[in-house]
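Spelled out from the first residue to the last, the chains are:
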Amino acid sequence: MAAVYPNPSISAMNVDNPLKALEREGLERAMHDLIAELYPICRSITGEGVRETLRLIQKRMPLEMHEVPSGTQVFDWTVPLEWNVSDAYISNREGTRVVDFKAHNLHLMSYSVPARKKMRLEELRPHLFTLPDHPDWIPYRTSYYTENWGFCLRHADLEQLSDGEYNVVIDSSLQPGSLTYGETYLPGETTDEILISCHVCHPSLANDNLSGIAVAVILAQTIASHARRYSYRFLFVPGTIGSIAWLARNEHRVSRVKHGLVLTGVGDAGKVTYKRSRQGHAEIDQAMAHVLKHADGPYDIFDFSPYGYDERQYCSPGFNLPVGCFMRTPHGKYPEYHSSADNLDFVKPESLAQSYELCLSVFDLLEHNSTYINTNPKCEPQLGRRGLYRAIAGQQEKHSKELALLWVLSGSDGGHSLLDIADRAGVPFNQIFAAAMALVQVGLLEECLKPVKAHE
Amino acid sequence: MAAVYPNPSISAMNVDNPLKALEREGLERAMHDLIAELYPICRSITGEGVRETLRLIQKRMPLEMHEVPSGTQVFDWTVPLEWNVSDAYISNREGTRVVDFKAHNLHLMSYSVPARKKMRLEELRPHLFTLPDHPDWIPYRTSYYTENWGFCLRHADLEQLSDGEYNVVIDSSLQPGSLTYGETYLPGETTDEILISCHVCHPSLANDNLSGIAVAVILAQTIASHARRYSYRFLFVPGTIGSIAWLARNEHRVSRVKHGLVLTGVGDAGKVTYKRSRQGHAEIDQAMAHVLKHADGPYDIFDFSPYGYDERQYCSPGFNLPVGCFMRTPHGKYPEYHSSADNLDFVKPESLAQSYELCLSVFDLLEHNSTYINTNPKCEPQLGRRGLYRAIAGQQEKHSKELALLWVLSGSDGGHSLLDIADRAGVPFNQIFAAAMALVQVGLLEECLKPVKAHE
Amino acid sequence: MAAVYPNPSISAMNVDNPLKALEREGLERAMHDLIAELYPICRSITGEGVRETLRLIQKRMPLEMHEVPSGTQVFDWTVPLEWNVSDAYISNREGTRVVDFKAHNLHLMSYSVPARKKMRLEELRPHLFTLPDHPDWIPYRTSYYTENWGFCLRHADLEQLSDGEYNVVIDSSLQPGSLTYGETYLPGETTDEILISCHVCHPSLANDNLSGIAVAVILAQTIASHARRYSYRFLFVPGTIGSIAWLARNEHRVSRVKHGLVLTGVGDAGKVTYKRSRQGHAEIDQAMAHVLKHADGPYDIFDFSPYGYDERQYCSPGFNLPVGCFMRTPHGKYPEYHSSADNLDFVKPESLAQSYELCLSVFDLLEHNSTYINTNPKCEPQLGRRGLYRAIAGQQEKHSKELALLWVLSGSDGGHSLLDIADRAGVPFNQIFAAAMALVQVGLLEECLKPVKAHE
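Residues numbered from 1 in each chain as written. Chains lettered and ligands numbered in written order. Predicted model: local features only at pLDDT ≥ 70, side-chain atom pairs only at ≥ 80, totals over all residues. Heavy atoms only, no water.

Asker: How would you summarise the side chain of Asp342 of chain B if you had to cite specific residues and measurements?
Answerer: All names here are of chain B. Among the structural elements, Asp342 can be located in the loop between strand 17 (323-327) and helix 9 (349-368). Buried within the structure, Asp342 lacks any salt-bridge partner; Arg43 is the closest side chain of opposite charge, at an N-O distance of 9.9 Å. Ignoring any residue separated from it by four or fewer positions in sequence, one finds Asp342 in contact with Tyr39, Ser204, Leu205, Ala206, Asn207, Asp208, Tyr334 and Glu336. (Helix = DSSP H or I, 4+ residues; strand = E, 2+ residues; numbered from the N terminus. Buried < 20%, exposed > 50% of the residue type's maximum accessible area, 1.4 Å probe, protein only. Lys, Arg positive; Asp, Glu negative; His and termini not counted. Salt bridge = Lys/Arg side-chain N within 4 Å of Asp/Glu carboxyl O. Contact = heavy atoms within 4.5 Å.)

Asker: So what's going on with the sheet that holds strand 19 (residues 413-417) of chain A? Which residues, and what values?
Answerer: All names here are of chain A. Read across the open sheet, the three strands follow the order 19-18-20; overall the sheet is antiparallel. The sheet terminates laterally at strand 19 and strand 20 (445-447), the two strands that pair on one side only. Direction aside, neighbouring strands of the sheet carry axes that sit 35° apart on average. Examined bridge by bridge, strand 18 (residues 371-374) and strand 20 share three bridges and lie antiparallel to one another. Looking at the pairing, Asn374 lines up with Leu445 of strand 20. (Pairing = 2+ DSSP bridges. Axes fitted to C-alpha atoms, helices over the stretch in contact; angles between N-to-C directions.)

Asker: I'd like a description of the environment of Ala436 of chain B, backed by residues and values.
Answerer: Residues and elements named next belong to chain B. Along the chain, the position of Ala436 falls in helix 12 (residues 429-441). Residue Ala436 is classed as buried on the basis of its relative accessible area of 0%. C-alpha separation for the pair Ala436 and Asn374, spaced 62 residues apart in sequence, amounts to 9.8 Å. Setting aside residues no more than four positions away along its own chain, Ala436 makes contact with Val408, Leu418 and Leu445.

Asker: With reference to specific residues and values, describe the sheet that holds strand 7 (residues 115-120) of chain C.
Answerer: Residue and element names in this part refer to chain C. The antiparallel open sheet is built from four strands, whose spatial order is 6-5-10-7. Two strands close off the open sheet at either side, each with one partner strand: strand 6 (97-100) and strand 7. On average, each strand axis in the sheet is tilted by 20° relative to the strand beside it, whichever way the strands run. The pairing of strand 7 with strand 10 (residues 165-175) spans six bridges and is antiparallel. Bridge pairing in strand 10 links Ala115 to Ile170.

Asker: Account for the side chain of His104 of chain A, with residues named and values stated.
Answerer: Looking at the element boundaries, His104 of chain A is found in the loop between strand 6 (97-100) and strand 7 (115-120). His104 of chain A sits in the buried class, given a relative accessible area of 14%.

Asker: Please set out the interface of chain A and chain B residue by residue, giving values where relevant.
Answerer: If you look at the interface, chain A gives 31 residues, while chain B gives 27 residues. The largest share of the area that chain A buries against chain B comes from Asp76, Pro306 and Tyr307 of chain A, three residues that together contribute 26% of it. Between chain A and chain B we count five salt bridges in total. A salt bridge links Asp76 of chain A to Arg385 of chain B; its shortest N-O distance comes to 2.7 Å. Where chain A packs against chain B, one counts 14 residue pairs in polar contact (both at pLDDT 80 or more). Of the residues assigned to the side of chain A that touches chain B, the class counts are 15 nonpolar, 11 polar and five charged. (Buried area = accessible area lost by both parts, 1.4 Å probe. Polar contact = N/O pair within 3.5 Å; in protein donor to acceptor, adjacent residues only side chain to side chain. Nonpolar A, V, L, I, M, F, W, Y, C, P; charged D, E, K, R; others polar.)

Asker: Lay out the relation of the copies chain A and chain B with the relevant residues and their values.
Answerer: Superposition of chain A onto chain B requires a rotation of 120° combined with a translation of 0.1 Å along the rotation axis, giving an RMSD of 0.1 Å. The symmetry that links the two subunits is that of a three-fold axis. (Least-squares fit on C-alpha atoms with pLDDT ≥ 70 in both.)

Asker: Please provide a residue-by-residue account of the interface of chain B and chain C, values included.
Answerer: Note: interface size is frequently given as the accessible area lost on complex formation between the parts. Taken together, the 31 residues of chain B in the interface contact 27 residues of chain C. Summed over both partners, the interface of chain B with chain C comes to about 2,600 Å²; 49% of that surface belongs to carbon and sulfur atoms. Of all residues in chain B, the largest losses of buried area upon contact with chain C belong to Asp76, Pro306 and Tyr307 of chain B, amounting jointly to 26% of the total for that side. Run the count over chain B and chain C and you get 14 residue pairs in polar contact (both at pLDDT 80 or more). The set of elements that each furnish at least two residues to the side of chain B that touches chain C consists of helix 6 (241-249) and helix 8 (311-314) of chain B. Split by residue class, the side of chain B that touches chain C holds 15 nonpolar, 11 polar and five charged.

Asker: Which residues make up the packing of aromatic side chains, and what are the values?
Answerer: Counted by the stated rule, this structure contains 30 aromatic pairs over all chains. Ring geometry for Tyr334 of chain C and Tyr337 of chain C: centres 5.7 Å apart, planes at 80°, overall edge-to-face. Classification of Tyr334 of chain C as buried rests on a relative accessible area of 6%. A relative accessible area of 7% places Tyr337 of chain C in the buried class. One aromatic cluster is present, built from ring pairs that chain together Trp77, Trp83, Tyr111, Tyr144 and Tyr145 of chain A. (Phe/Tyr/Trp six-rings, centres within 6.5 Å; stacked < 30°, edge-to-face > 60°.)

Below is the structure:
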């Protein structure tokens, strides 16, 4: 099963104990270092590269590695043969490697079948991929489910090639093996889960998606060291086939997933972007919108669409899980996307750190969001005699604490969560939560066990 | 009953066979020619002019003529006496006709009672109608349900009249007869109907409403030659009393009307305008909004109001049928409205053709709009092995066909029609429909027999 | 119980008899005179000042005075000791009064406990309140529920005080007595009530809230002299504790309150402001929005928030009454708020009159708003033969009366009130109401006894 990380402080859990973010500088370095360490590995949807990646993650957090044998049926899909590469190149008559997998693993199209051929440039061309608009970048191409082979190269290099004959060598293997994914389960007070998923199938591409892996790892470390109401499940899966395999194997348990985020492309310098779940108004959607609204800086939120990352699977109509996608510049909207320019310089330590902090704020909000009932619903309670209201009245009004208390009392009718109240009041959640805790303390508020979601 | 036009190709019906518009040039000529042929006829809500009009329509399409006798009670109304005119004029002492019905049938107020009088200009004035702001135009006036008589003339001509005595002659008849309307029924695969209604009571006015008649006739010709799911009913009725008479006689069957359009003023050069049905969110309203959004050019959509054309009757609260009104510049919003300036030059062949094409697109959309169910709702199906997905991935994204497939799979949960999905995806209906048909073909989609309209 | 004002003309009640506003000039003078008469009185939440205020109101309208003994439990609160003051001052060594309650009753913090002390200026300072930004204004401060004493003074005067010793004298009493509030009940045809509430606890402050009292008094006079469907209840209560006391004593009857307004700060020159009830879409909210939209001049409407006046109590979740707050510039949004600058010059006769007229328009609308049923729902009725439609047709359209008739017929399906119809039509309520009455007269409309609120 999933690696089970102990929940060290449940007994000492204090509901108003926030998920505290790590200190900025160490955080930035830790994430960028992890990306740098993972960057050279040749990953694909199967193979040793994924295993090596997961082992490096295991050095930082408990992680269970799962193997799904080639040929396993997972819903409409079949787990493919395992792909590994020892060498691949194109050499000219002089024996010089003009394209060399060992120089950059993007040079070989992923899942290229083994080949040993002599070909003239004209015959080769259909197997060569370049980016004419960015002649110094190597593109990234895959052919997972159709037998094929190919090389990706700088357009500038292609233009230097003479017409003669070339030697094509692909020492790859496509053999029965398995698909590998990693899973960590951090149990909380309840079995209700928050799912964090990122893909681990891309080779030397830093933002897409080593950035997601790095943020997920540090999130897991942080969450593991705090008491928590929710259980957290971290998935490190090959894109599409990996999440499908996990869903197929866990179909009976997915109803536990109450909130989820796919993390992808969270390291570039662009603004934060959130793509809503297919449900559109799930609590994760509301929480993310709230956190982004009250955080500094620009952001975008857009509606679900069925193209993107593994939210495609989690949100497929048969599951329709409340899983959104957290990213910075969306895929395909930056020129470096799926090219060698998505490198270590492209991911910014401060972007990684901000992405981490925003996700943590969302989880912290979800941990503390509940629906309460005002125990004194007829007229306001006398807050003054409980020390919750200023003694001398009549002054100009800047009493955000008192106002938060009044919002909580007014809104806590069993049909509105603290987040609903914070949104209506237009104030950050933590102010409303602090007010709620103060009211619980004096007995004016009780958690509502059967909230009725009001029609708004 | 209604003329029944055979549905020649039901057995060969192919759901993805579009209602194909006629070729532009012949179309424009056919419509303008019909308007020119109908223009000189003196129509009113009853009388020979209506019959002559319907007979000319019958030369182009099968049409049943219905006669409803004077005195027949139709809901709150009574079919009036039949009105016919042989001659009408005002002549001066010299015997010169200064206002002459034979020169332009707008000169006589519709339903003017017979008269033979000698009157001085001052006595005549309350019976004379002009447009002082447009001194060269003849206005259009009616007095159907109050006994009266009057003449309409150019204000410039009125100002030339000397003060002396005039001879008023109205050789009209108001006698028991009948109200005449035309009806054509084009049966489809189902008895669910699309209603197209236009009024045929206006004399020499080209846009209001010979344009509606012309577009309806060519629509009927086009639809008759295509296989169709829906049955179509075309009504050519005198305004108000005609639609009321039809509703009174067909009360038991109106529930078959699933969508409807009143066509009026569809030939002027102004932009297209759609007035929603009283329901406001009926499928016809959604379909028209979709077609107009994705068509070229400016348009207006506005909410139902209870003033206008026969949609007033179809949408009365006791029927509340999903019938909108399709027009160009709304009635009363162009100065030529209800005057002799609404003539053959005022209706533009290209406007008529565009109106026709837009209506046909709406009907085509309605023909093909259904709710489907994704038969593989858990995770995406593997489209690649069905030939529906590109073999080599990783490239920049311009895959509108694949995206349409994903939208259909994601949206087809039994609660959303293809039109709902197209609207959410923001793409033209035909792309979504083509994707749906491709998915049906490979068994990934099935029509949903009991769609549940989701609350959005 | 409440003073019962006879409803003189119920038998002669005519539903289309509007609540007619008083003539402007006398009205402005009557309200400003009342404010001037009440201005010098030292009011607080208990004490003789409230009684004197209510007695002056009783000269203008029947009013029952209620006494709630000190120590009475009212929900979470306890009625405090009664506070009265005979004298209070600070004098210097020479015996000169440097701060004197008798010069302005704002000089003494409300509910100051009795004191006789000699203190140096440094010791005195924590008990002195000024407005440094407005050095010539005296602030208003209270300490109802915490034993304390204090003086409020002009900052300019504070700066003149020398460092020496001062004599503090507060001849106040805090003794078992009672809280006093006033209540008037104007019975209507039904026991459904409209509640008008204003606070009477502020000393020499003109806008906050003598303006509310003045408008309420004249409203009561006007309403008392007209037949009415609703019963009206006017409350003149000390803020917070007074409305809580009333709610506690009338808990079993509050469900009769169908609409309500808290009137406060209705005399300043600022624009009209309406704060919605906590329900947000109550009929009072819709009616006020309609009246303000169709009235001349600027206005603001904002959502409920739990800070403000006695709507805090009426709208507490255990009651959630449809009570909004009508004001001009909101509390705390004008610098004169809670200072001696909120004086007789600050309240404008024309603002008071406009506030009165708007409230009266809202009550008039509520009196006449009902849901009707079109008795001829299938097609339009023939309005012409009932004299409700023009005889000669075809002219340009400016027929607002006919259009209003059509809107009422179209909208009166049992699911929409006349106000709903007026809002959809975008025309003033009185046009729609007049049309409805004309249709009732000819039998085409009947009041709907069981309206079903349509989902819109």
